[in-house]
Amino acid sequence: MIVCICNSISSRVIEDYARRGLGVDALRADFGLASNCGQCLTHALDMIDEVQAQQGARQGERYAGAQRIIALAQA
Ligand code: FES
């Protein structure tokens, strides 16, 4: 799906950047996200937040798993 119509930036590109910890600034620098009409900005921000929140949750799960392993090893 195209998120930024002015610059033909797809949701796939935005999600890929978000997974790599990059945000609107990098997308603007590389592709011109939100540099024309700006209509895409809110949607792009929401997508980035969602992807990074999911990654944060997974990292939290990995951390909790590591804590359980350490506790078992110390028991
Ligand atoms: S839709 Fe992205 S700048 Fe217009």
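Residues numbered from 1 in each chain as written. Predicted model: local features only at pLDDT ≥ 70, side-chain atom pairs only at ≥ 80, totals over all residues. Heavy atoms only, no water.

Could you clarify how one ought to interpret the overall build of the protein in this entry?
Scanning the protein from terminus to terminus reveals 3 helices and 2 strands. Ordered by position from N to C terminus, the α and β elements of the protein give β-β-α-α-α. In the protein, the share of contacts with a sequence separation of at least 24, taken over all contacts with a separation of at least 6, comes to 52%. For the protein, the exposed surface amounts to about 5,200 Å²; the carbon and sulfur share of it is 52%. (Helix = DSSP H or I, 4+ residues; strand = E, 2+ residues; numbered from the N terminus. Contact = heavy atoms within 4.5 Å. Areas by Shrake-Rupley, 256 points an atom, 1.4 Å probe, with all protein chains shown as cover.)

Explain the side chain of Ser 11 here, please?
With respect to the helices and strands, Ser 11 occurs in helix α1 (residues 11-19). Excluding residues within four positions of it along the chain, Ser 11 makes contact with Met 1, Val 3 and Met 47.

Teacher, can you tell me more about the nonpolar core here?
Generally speaking, a soluble globular protein has its nonpolar side chains buried in company with each other. Within the largest apolar cluster, 16 residues are counted, with the highest numbers of intra-cluster contacts made by Ile 14, Leu 27, Leu 33, Cys 40 and Ile 48. Counting only elements with at least two residues in this core, the list comes to β1 (2-4), α1, α2 (24-31) and α3 (41-74). By residue number, the principal contributor to this core is α3, which donates 4 residues. When residues no more than four places from it in sequence are discounted, the contact partners of Leu 33 are Cys 4, Asn 7, Ile 9, Ile 14, Val 24, Leu 27, Arg 28, Cys 40 and Ala 44. (Core = buried A, V, L, I, M, F, W, Y, C linked by side-chain atoms within 4.5 Å. Buried < 20%, exposed > 50% of the residue type's maximum accessible area, 1.4 Å probe, protein only.)

I'm lost on α2 in this one. Help?
Note that an α-helix has 3.6 residues per turn; residues three or four places apart therefore point the same way. Buried within α2 are the following residues: Val 24, Ala 26 and Leu 27. For α2, the buried positions fall inside an angular range of 160° around the axis, keeping them on one side. Seen from the buried face of α2, the exposed residues on the opposite side, beyond 90 degrees, are Asp 25 and Ala 29. At the exit of α2 stands Gly 32, carrying a positive phi of roughly 85°. (Arc of directions from axis to C-beta.)

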